[in-house]
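Tertiary structure, described
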Amino acid sequence: MKPAPFRYVAPTTINDAVRQIAEFGYDAKILAGGQSLIPTMNFRLAQPQVLIDLNGVGELAFLETSPAGGLRIGAMTRQRTIERSALVAKNAPLLHATMPHIAHVQIRNRGTVGGSLAHADPAAELPAVMVALAARFKLRSVRGERWVPADQFYLDLFTTALEPDELIFEIEVPPPPPRTGWSIQELARRRGDYALVGLAATVQLDETGRCSNARLIYLSVGAGPTPAPAAAAMLLGKTPDAALTLEAARAAAHQDIEPMADIHATAAYRRQLVAVLGQRALREAFARAKESS
Ligand SMILES: Cc1cc2nc3c(=O)[nH]c(=O)nc-3n(C[C@H](O)[C@H](O)[C@H](O)COP(=O)(O)OP(=O)(O)OC[C@H]3O[C@@H](n4cnc5c(N)ncnc54)[C@H](O)[C@@H]3O)c2cc1C
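Computed from a prediction, not measured in an experiment: that's the story for all the values here.

**Some thoughts on the overall build of the protein chain**
Helix and strand content of the protein chain: 12 helices and 14 strands. Computed over C-alpha atoms, the radius of gyration of the protein chain comes to 19 Å, within 12% of the 19 Å expected from 2.2 N^0.38 for 293 residues, which places it in the range of a compact globule. With the principal axes as the frame, the protein chain shows a C-alpha extent of 60 × 45 × 30 Å. Burial analysis of the protein chain (293 residues in total) assigns 46% to the buried set. Here the contacts in the protein chain between residues at least 6 apart in sequence split such that 63% fall between residues at least 24 apart.

**Things to note about the pairing of strand β2 (residues 28–31)**
What you see with β2 is no split at all: A28 and I30 on one side and K29 and L31 on the other are buried throughout. Sheet topology note: the β2/strand β3 (residues 50–53) ladder contains 4 bridges and is parallel. Paired with L31 across the bridge in β3 is D53. Once the chain exits β2 it traverses helix α2 (residues 37–42) before rejoining the sheet at β3, and the crossover so formed is right-handed.

**Some details on the domain arrangement of the protein chain**
Domain boundaries in the protein chain define domain 1 (7–53), domain 2 (58–173) and domain 3 (181–291). Taken over C-alpha atoms, the centre of domain 1 sits 36 Å from the centre of domain 3.

**Quick word on helix α1 (residues 14–24)**
Where α1 is concerned, the buried positions are A17, V18 and I21. Down the axis of α1, the buried set is contained in an arc of 90°. They therefore lie on one face. Buried positions along α1 lie against β2, β3, β6 (136–141) and β10 (167–173). Directly after α1, the chain includes G25, whose backbone phi takes a positive value near 50°.

**Observations regarding the environment of L117**
Relative to the elements of secondary structure, L117 occurs in helix α7 (residues 113–119). Between the alpha carbons of L117 and F137 there is a distance of 9.4 Å; along the sequence they are 20 residues apart. Apart from residues no more than four positions distant in its own chain, L117 is found in contact with L126, P127, M130, F137, I168 and I171.

**Side note on the nonpolar core**
Ranked by internal contacts, the top residues of the largest apolar core, which has 86 residues, are V129, L199, A201, L216, Y218, A252 and V274. By residue number, the principal contributor to this core is helix α12 (residues 267–291), which donates 9 residues. Once residues lying within four places of it in the same chain are set aside, the contact partners of A201 are A132, W182, S183, R215, L216, A281, L282 and A285.

**Some remarks on the sheet that holds strand β14 (residues 226–227)**
Strand order in the open sheet made by the 4 strands is β11-β12-β13-β14, with antiparallel pairing throughout. Two strands bound the open sheet, and with one partner strand each, they are β11 (180–187) and β14. As paired elements, strand β13 (residues 211–219) and β14 share 2 bridges and run antiparallel to each other. By the bridge assignment for β14, Y218 is matched with T226.

**So, the packing of helix α11 (residues 242–256) against α12**
Running from N to C, α11 and α12 cross one another at 145°; their axes reach a closest spacing of 8 Å. When you trace α11 past α12, the crossing you get is right-handed. Within the contact between the two elements, α11 uses T245, L246, A248, A249, R250, A252 and A253 and α12 uses R271, V274, A275, G278, Q279, L282, R283 and F286. Residue classes in the contact of α11 with α12 are distributed as 9 nonpolar, 3 polar and 3 charged.

Calculation notes
- Residues numbered from 1 in each chain as written.
- Predicted model: local features only at pLDDT ≥ 70, side-chain atom pairs only at ≥ 80, totals over all residues.
- Helix = DSSP H or I, 4+ residues; strand = E, 2+ residues; numbered from the N terminus.
- Rg over C-alpha atoms; globule rule 2.2 N^0.38 Å.
- Buried ≥ 20, exposed ≤ 12 C-beta atoms within 10 Å, placed from the backbone.
- Contact = placed C-beta atoms within 7 Å.
- Pairing = 2+ DSSP bridges.
- Right-handed = clockwise from strand over helix to strand, strands pointing away.
- Domains from an automatic or database assignment.
- Arc of directions from axis to C-beta.
- Core = buried A, V, L, I, M, F, W, Y, C linked by C-beta atoms within 7 Å.
- Axes fitted to C-alpha atoms, helices over the stretch in contact; angles between N-to-C directions.
- Left-handed = near helix turned anticlockwise from the far one by under 90°.
- Nonpolar A, V, L, I, M, F, W, Y, C, P; charged D, E, K, R; others polar.

Shown next as structure tokens:
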């Protein structure tokens, strides 16, 4: 398969990149790792007139501690860089633990954090993880910069808050608050496949051991990262135990999530996974939160 003809431009600075994005607008596509875009172009599902390659823009590839003690990640940071980073393991262990679930090493060598977040595949792990971590994204255009919280970035299926002249410049992950725990759970038919269902969970305990915050963000069950607010509300103010985590996971499956059927799984099977993975995630996340107390 070959893509339709296109013009190729390769800016080397962020200012040039945003100028070209503004100039070509809807006719252009940004090329990051190419792991989603190039197959789409080869199938001719995408036929951009112009490809704006960000691989030469060094200003977009950085990974460092944020002033608050979390992380600042440049959009062109490779997924494999995140996976191999001791800094990420320390400052954002949920993000670090997620990386091996994404595709295969060869894809993670090229695939970027910004590319995955902008692509907004409802089965992708990184969008759900960024919502669970309360991350925010810095968007850049010739008009300037703006920050968008991850939970306001995903609008619909493959649809984000990005305007046609904007790119993701940076991702900021806050440091984990005290007494927090996390878990990433998913079931895929084969290691490296997209998950049939998955979730990223973060929880926090107060000084008395009661749950003071909980985020359960599912993937592969809706148009984008899908929260489970009824389950989270059930946990608040309570001391977590096996009965409570089971009750909350059931609430996620029966009140919060309306999974769809497709060629890979029935809706009923996905609903069952929502409950099973939800319970596993909450157990693990609360155990980690207790350990860190
Ligand atoms: C076989 C296979 C299996 C995979 N399995 C998984 C999986 O299990 N889980 C998973 O999450 N992903 C999976 N992926 C996708 C992979 O993670 C991709 O790397 C990712 O979705 C896109 O990242 P990229 O850097 O390659 O972006 P590209 O393919 O280059 O771009 C993707 C889209 O994002 C836009 N874009 C890129 N960067 C920016 C930016 N900075 N600002 C604005 N828009 C931008 C592009 O214009 C394009 O529309 C798989 C891919 C393959 C080929």
